[in-house]
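Architecture and fold: a report
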Amino acid sequence: MDIDVKEINLEPFRVFNDGWMLLASGDYASENWNCMTVSWGFLGTMWNLPVAQVVVRPQRHTRKFLDKYGNFTLSSFPAGYKDKLTVLGRFSGTQMDKVHDSGFTPRSSVCVSSPSFAEAALTLECKVMFAQRMSPESMLDERAAAAYPEHDEHFIYIGEIKRAAVAG
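In this report, we go over the structure that sits alongside the text.

Parameters at a glance
Residues numbered from 1 in each chain as written. Predicted model: local features only at pLDDT ≥ 70, side-chain atom pairs only at ≥ 80, totals over all residues. Heavy atoms only, no water. Helix = DSSP H or I, 4+ residues; strand = E, 2+ residues; numbered from the N terminus. Rg over C-alpha atoms; globule rule 2.2 N^0.38 Å. Buried < 20%, exposed > 50% of the residue type's maximum accessible area, 1.4 Å probe, protein only. Contact = heavy atoms within 4.5 Å. Areas by Shrake-Rupley, 256 points an atom, 1.4 Å probe, with all protein chains shown as cover. Phe/Tyr/Trp six-rings, centres within 6.5 Å; stacked < 30°, edge-to-face > 60°. Lys NZ or Arg CZ within 6 Å of the ring centre and 35° of its normal. Core = buried A, V, L, I, M, F, W, Y, C linked by side-chain atoms within 4.5 Å. Pairing = 2+ DSSP bridges. Patch = residues over 30% accessible without salt bridge, like charges linked within 9 Å, V, L, I, M, F, W, Y side chains within 5 Å. Salt bridge = Lys/Arg side-chain N within 4 Å of Asp/Glu carboxyl O.

Our next topic: the overall build of the protein. A count of helical and extended segments in the protein gives 5 helices and 10 strands. What you see for the protein is a C-alpha radius of gyration of 15 Å, in line with the 15 Å of a compact globule of 168 residues. Across its three principal directions, the C-alpha atoms of the protein cover 45 × 40 × 30 Å. Counting over 168 residues, the protein shows a buried share of 42%. A sequence separation of at least 24 residues applies to 70% of the contacts in the protein between residues at least 6 apart. Per element, the accessible surface of the protein, about 9,200 Å² overall, is 51% carbon and sulfur.

Shown next as structure tokens:
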């Protein structure tokens, strides 16, 4: 069921840190997509638009789909899905059919080519507006820099939320 983004009611620190979110990108219709769990991100307003920001390390398979298709979905799930989300975060889509093995049910989205998931409590369909790799020179706090001992700084993706939907 569609909802106005202003009506989204969630606790961002819980949904990202504790529950994780599922980031999917690609083209569902052609079965050319991938997904991964994310625990770092933001929801808010940028350029007077509702946006979701996610970060993806350069070696992650999902990044190729974000760059190629320019859209993504971000989904949160009810309690009890952490084991399934662990499969999607621990393994690469190049190694196995992790969506099938996780038990999630992908489906077509309304506004973007990336898939949604039937089990999601909240789905955000987003069009990428900004993408940039974090630069080590911009990390002004040593705690931020310490997250990158391998110098694999995340790519930042900011997507306009084109559609928000809740289960029901």
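Now for the packing of aromatic side chains. As enumerated under the stated definition, the model contains 8 aromatic pairs in all. An angle of 50° between the planes, with centres 4.7 Å apart, marks the rings of F77 and F104 as tilted. In this pair, F77 is assigned in the loop between β6 (71-76) and α3 (82-90) and F104 in the loop between α4 (98-102) and β7 (106-107), connecting sequence segments 27 residues apart. The same class applies to F77 and to F104, which are both buried. Relative to F117, the ring of F104 lies with its centre 6.1 Å away and its plane at 70°, an arrangement referred to as edge-to-face. Of this pair, F104 sits in the loop between α4 and β7 while F117 sits in strand β8 (residues 116-117), and the two are 13 residues apart along the sequence. Connected via pairs of aromatic rings, a cluster forms that spans Y28, W33, F77, Y81, F104 and F117. The side chain of R63 reaches across the aromatic face of F155, ending 4.4 Å from its centre. One cation-aromatic arrangement involves K84 over F104; the distance from NZ or CZ to the ring centre is 5.8 Å.

Moving on, we get to the nonpolar core. A general tendency of soluble globular proteins is for nonpolar side chains to be buried together. In terms of nonpolar packing, the biggest core is built from 20 residues, with L23, V38, L66, F72, L74, L124 and Y157 touching the most fellow members. Secondary structure elements with two or more residues in this core: α1 (12-18), β2 (21-27), β3 (32-38), β5 (49-56), β6, β9 (122-133) and β10 (155-166). Formed by 11 residues, the second largest nonpolar core is a distinct cluster that contains A24, W33, C35 and V99.

On to the pairing of β10. Buried residues dominate β10, accounting for 10 of its 12 residues. Bridging between strand β1 (residues 2-3) and β10 involves 2 bridges; their strand directions are antiparallel. Following the sheet pairing, I3 is matched in β10 by A164. As judged from the 6 bridges shared by β5 and β10, these two strands associate in the antiparallel manner.

For residues that are not glycine, phi is negative in most cases, and the peptide bond is trans in most cases. The phi dihedral of W20 falls on the positive side, at around 65°, and the residue is not glycine. Note on placement: W20 falls in the loop between α1 and β2. On the basis of relative accessible area, W20 is assigned to the partly exposed category, the value being 23%. In this model, H151 sits at a positive phi of 55°, which is unusual for a non-glycine residue. Residue placement: H151 occurs in the loop between α5 (142-145) and β10.

This part takes up a nonpolar patch on the surface. Residues M46, W47 and M129 make up a contiguous nonpolar surface patch of about 280 Å² in total accessible area. Mapped onto the elements, W47 comes out in the loop between β4 (41-46) and β5.

Just geometry here; none of it tells us what the structure is for.
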